[in-house]
Amino acid sequence: MHRHAAKLHPPDAPHVHLGAQIAALFARPDVGPWLMLAAEVAVSLIAIVALYWLARALALGGDVRIADRAHAASLAEASFPGFAAEDITLDITLDRARIGALVRNRAGRVVLIRRHGARFVARELTDTNGIRLDRHTLTLDTDDTRFGTLTLDLGAEAQTWAASLRRLNGETGTYA
């Protein structure tokens, strides 16, 4: 076994770097453009797999949803200074797909939360304009093109929220 190792790497042979070996391979006149193309494809695939692995390791992307009622309350509190949803048993309703929520605090302020890309945005509701009920869904048209219209599937709670939102009046405010 020792004799075979000596044949592969003679002790007096100069050390050649991998980069130099690759450059010498591509410099040969009998190497066609197909080898360059194959090498580019291989390097590209390796780079894609490495980026995919890095994104998975950093937990980037994924499906962003409102986790639970506490998460919805914290989103509302973070979006509006002074909005306190201190009691989790308050009116907090999540959309069945968990992409939106309605949060009401003790003072009666109502915040609409919706997903916007990989984050959430919120808007305080203070009037009944643009609120429509259709069986188990509540559609809220905020008249703000940046926030848009949101349809929440609230199940049986949609009728309760529609009735309670009729008491709102005044202006609306937008925060992100």
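Located above this text is the structure these notes cover.
Description of the structure in this document. (Residues numbered from 1 in each chain as written. Predicted model: local features only at pLDDT ≥ 70, side-chain atom pairs only at ≥ 80, totals over all residues. Heavy atoms only, no water.)

## Some details on helix α5 (residues 157–165)
- Among all positions of α5, only Ala-158, Trp-161, Ala-162, Ser-164 and Leu-165 are buried. The buried residues of α5 occupy an angular sector of 170° when projected down its axis, which confines them to one face.
- Where α5 is buried, its residues touch β1 (92–94), β2 (100–104), β3 (110–116), β5 (131–134) and β6 (137–141). (Buried < 20%, exposed > 50% of the residue type's maximum accessible area, 1.4 Å probe, protein only. Helix = DSSP H or I, 4+ residues; strand = E, 2+ residues; numbered from the N terminus. Arc of directions from axis to C-beta. Contact = heavy atoms within 4.5 Å.)

## Considerations on the nonpolar core
- Formed by 16 residues in total, the largest nonpolar core has its most connected members in Leu-102, Leu-112 and Leu-138.
- Those elements that place two or more of their residues in this core are β3, β4 (119–125), β6, β7 (149–153) and α5.
- Not counting residues within four places of it along the chain, the set of residues in contact with Leu-112 comprises Ala-101, Leu-102, Val-121, Ala-122, Arg-123, Leu-125, Leu-140, Thr-142, Phe-147, Leu-150 and Leu-152.
- With 15 residues, the next largest nonpolar core counts Leu-75, Val-103, Val-111 and Ala-122 among its residues. (Core = buried A, V, L, I, M, F, W, Y, C linked by side-chain atoms within 4.5 Å.)

## Some points on helix α3 (residues 33–57)
- Here α3 spans 36 Å end to end across 25 residues, near enough to the 36 Å set by a 1.5 Å rise per residue.
- Directly beyond the C-terminal end of α3, a positive phi value near 55° is found at Ala-59. (Expected span 1.5 Å × (residues − 1).)

## Focus: the pattern of salt bridges
- All told, the structure shown has 2 salt bridges when counted by the stated rule.
- Residue Arg-109 pairs with Glu-124 through a salt bridge whose shortest N-O separation is 2.9 Å. Of the two residues, Arg-109 is situated in the loop between β2 and β3 and Glu-124 in strand β4; the sequence distance between them amounts to 15 residues. (Salt bridge = Lys/Arg side-chain N within 4 Å of Asp/Glu carboxyl O.)

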